[in-house]
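Below, each chain spelled out in residue letters.
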Amino acid sequence: MLKEITVKTRSRMEMVDITSQVQEVVRESGVKEGICYLYVPHTTAGITINEGADPSVVRDINNTLRKLVPPDAGYAHLEGNADSHVKTTIVGPNTFAFVEGGRLRLGTWQSIFLCEFDGPRTRRVLVKVFSG
Amino acid sequence: MLKEITVKTRSRMEMVDITSQVQEVVRESGVKEGICYLYVPHTTAGITINEGADPSVVRDINNTLRKLVPPDAGYAHLEGNADSHVKTTIVGPNTFAFVEGGRLRLGTWQSIFLCEFDGPRTRRVLVKVFSG
Amino acid sequence: MLKEITVKTRSRMEMVDITSQVQEVVRESGVKEGICYLYVPHTTAGITINEGADPSVVRDINNTLRKLVPPDAGYAHLEGNADSHVKTTIVGPNTFAFVEGGRLRLGTWQSIFLCEFDGPRTRRVLVKVFSG
């Protein structure tokens, strides 16, 4: 079954740690060993797994992406969010993590982040947990 | 079972919307709820999910990738497509989407694109649909 | 069941071809048709699939990533590896490949690489093989 996580973002670019919400979906699924798939049904937001302990890491990720793909670089797409689409393709709109013992099998420093590239908005993340 | 989609590209860099071809593979699979996995068995082409409504979005994605990874930047690989390999790693050679009610569960604006980085060529996309 | 591959890296940035180790996990799993999932439980290392025949390709990938995300660019994260975190999000910490006839169904030129962005270190790659 497909579950949905809702995330309210507060700025144009923001990485929101959704690990505990994903963990909760895994718990509710009752799956002990398997895979948790995450999918962002948007075209100006992505998802990544990176360090969650030091908030400066996500700041550096966002600053670097902003430098590489600046908001205002003479794009063809005229809605003012061309850069957000490009960032989404660089970061990617989906990911997965393993499930072990009924919990996400993340690395010690890993957290799961929704990457907002055109906020503030209300975003959704679709989640499916496979047993196996 | 593994299915194959064939895509003929017409220029060096091009994003080809393959959503309807993928949708057709999902339909033929008979899977109602599950996951559709997509895999590009090439090293100079990738796959992404992004906006399909306004063609200027894919133009901006390609222009930005060309600016970040120019074709001619003194690469070690001497086949003239070193940049195409780099772009493939940035965009990625595989992706997935959920299946609901026998159809791809994409977001409103999402389309699936084969990303040609060293065309024109005939490319293949491998597809598998899991029920679950 | 979750298997683990161990990779010892020898420099700060290095792409290590782990295809044969992954192939071995697939063989041991006994799965004939299915999917092999790969997951890096680190925040300064990624995984990609690209050309393994000519070593200059991985050199170009690393040189380009170093140019786009230089080690020393005034980052907020003060552990000296902010760039490694950014590269991990650009390349991604997980991937998958299909299994056919008991072997990885890679393209002719494709190899699977652990991407070290903050070595030298001992890295792990988690592997799961699904039948289907």
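Every residue gets a number counted from 1 within its own chain, in the order that chain's sequence is written. Naming scheme: in the order in which they are written, chains are lettered from A and ligands are numbered from 1. Whole-chain, interface and lining totals are the exception, using all residues; otherwise, since this is a predicted model, local features are given only for residues with pLDDT of at least 70 and side-chain atom pairs are given and counted only at 80 or more. To get the side-chain values, all heavy atoms of the structure are used, and hydrogens and water are removed first.

Draft legend 1. Quick look at the side chain of Asn62(A). Strands here are runs of E lasting at least two residues and helices are runs of H or I lasting at least four, both read from the DSSP assignment and numbered beginning at the N terminus. In this fold, Asn62(A) is placed in helix α2 (residues 55-68). Setting aside residues up to four positions removed in sequence, Asn62(A) forms contacts with Met13(A), Glu14(A), Met15(A) and Phe117(A). We call two residues contacting when some pair of their heavy atoms lies within 4.5 Å.

Draft legend 2. Just the sheet that holds strand β6 (residues 103-104) of chain B, in detail. Residues and elements named next belong to chain B. At least two bridges found by DSSP between two strands is the condition for calling them paired. Reading across from one edge, β1-β8-β3-β5-β6 is the order of the 5 strands in this open sheet, with antiparallel pairing throughout. Each of the sheet's edge strands pairs with one partner strand only, and the pair in question is β1 (3-8) and β6. As paired elements, strand β5 (residues 94-100) and β6 share 2 bridges and run antiparallel to each other. From the neighbouring strand, Glu100 faces β6, where its bridge partner is Arg103.

Draft legend 3. A look at the interface of chain C and chain A. At the interface, 29 residues of chain C touch 32 residues of chain A. Taken together, both faces of the contact between chain C and chain A bury some 2,500 Å²; the carbon and sulfur share is 62%. Here a polar contact is recorded for every N or O atom pair within 3.5 Å, except that within protein the pair must consist of a potential hydrogen donor and a potential acceptor, and residues adjacent in sequence are included only if both atoms are side-chain atoms. Across the contact surface, chain C and chain A share 15 residue pairs in polar contact (both at pLDDT 80 or more). With 6 residues, helix α3 (residues 82-91) of chain C is the single largest residue contributor to the side of chain C that touches chain A. For the side of chain C that touches chain A, a count of residues per class yields 18 nonpolar, 8 polar and 3 charged. Here the quantity called buried area is the accessible surface, traced with a 1.4 Å probe, that two parts lose on coming together, added over both. When residues are grouped by polarity, Ala, Val, Leu, Ile, Met, Phe, Trp, Tyr, Cys and Pro land in nonpolar, Asp, Glu, Lys and Arg in charged, and all others, Gly among them, in polar.

Draft legend 4. The arrangement of the packing of α2(A) against α3(C) in detail. Axes here refer to lines fitted to C-alpha atoms; in helices the fit is confined to the stretch in contact. Angles between the N-to-C directions go from 0 to 180 degrees. Axis separation between α2(A) and α3(C) bottoms out at 9 Å; the angle between their running directions is 65°. Classified by the interaxial angle, the pair formed by α2(A) and α3(C) is roughly perpendicular. Every pair of crossing elements has a handedness; the one defined by α2(A) and α3(C) is right-handed. Counted together, Val57(A), Asp60(A), Ile61(A), Thr64(A) and Leu68(A) of α2(A) and Ala82(C), His85(C), Val86(C), Thr89(C) and Ile90(C) of α3(C) form the full contact between these two elements. Across the contact of α2(A) with α3(C), the residue classes tally to 6 nonpolar, 3 polar and 1 charged. For classification purposes, angles smaller than 35 degrees are called roughly parallel, those larger than 145 roughly antiparallel, those between 65 and 115 roughly perpendicular, and all remaining angles oblique. Less than a right angle of anticlockwise turn of the near helix away from the far helix marks a crossing as left-handed, whereas a clockwise turn marks it as right-handed.

Draft legend 5. Spatial organisation of the pattern of salt bridges. When a carboxyl oxygen of Asp or Glu lies within 4 Å of a side-chain nitrogen of Lys or Arg, that pair is called a salt bridge. Applying the stated criterion across every chain yields a total of 24 salt bridges over all chains. The closest approach of N and O atoms between Glu14(A) and Arg10(A), which form a salt bridge, is 3.0 Å. Residue Glu14(A) is classed as buried on the basis of its relative accessible area of 10%. Buried means the residue's accessible area, taken with a 1.4 Å probe over protein chains only, is under 20% of the maximum for its type, while exposed means over 50%, and partly exposed covers the values in between. You can call Arg10(A) exposed: its relative accessible area is 69%. A salt bridge links Arg123(C) to Glu116(C), with the shortest nitrogen-to-oxygen separation between them at 2.8 Å.

Draft legend 6. Layout of the interface of chain B and chain A. Listed as interface residues are 32 residues of chain B and, on the opposing side, 29 residues of chain A. Taking both sides of the interface into account, the surface hidden between chain B and chain A amounts to around 2,500 Å²; carbon and sulfur atoms contribute 62%. When residues of chain B are sorted by the area they lose upon contact with chain A, Asp60(B), Phe96(B) and Phe98(B) head the list and together hold 24% of the total. In this structure, the connection of chain B to chain A is made through 0 salt bridges. Linking chain B with chain A are 15 residue pairs in polar contact (both at pLDDT 80 or more), by the criterion used here. Secondary structure elements with two or more residues in the side of chain B that touches chain A: β3 (34-39), β4 (45-51), α2 (55-68), α3 (82-91), β5 and β8 (122-131) of chain B. The greatest single-element share of the side of chain B that touches chain A, amounting to 8 residues, is contributed by α2(B). Residue composition of the side of chain B that touches chain A, grouped by class: 14 nonpolar, 11 polar and 7 charged.

Draft legend 7. Up close: the environment of Glu33(A). Relative to the assigned elements, Glu33(A) resides in the loop between α1 (19-29) and β3 (34-39). At 3.1 Å, the side chain of Glu33(A) and the backbone nitrogen of Gly101(A) are in polar contact.

Draft legend 8. Spotlight on the relation of the copies chain B and chain A. Least squares is used to superpose the copies, and the fit set is the C-alpha atoms of residues whose pLDDT is at least 70 in both copies. Of the transformation superimposing chain B on chain A, the axial component is 0.0 Å and the angular component is 120°, with the fit at an RMSD of 0.0 Å. Expressed as an axis order, the relation between the two copies is that of a three-fold axis. When each C-alpha of chain B is compared by its distance to the rotation axis, Ile90(B) comes out closest, at 3.5 Å. A different interface surface on each copy is seen, since only 16% of the contact residues of chain B are contact residues in chain A too.

Draft legend 9. Region of interest: the relation of the copies chain C and chain A. Superposition of chain C onto chain A requires a rotation of 120° combined with a translation of 0.0 Å along the rotation axis, giving an RMSD of 0.0 Å. The residues that chain C uses at the interface reappear at the interface of chain A in only 17% of cases, marking distinct surfaces.

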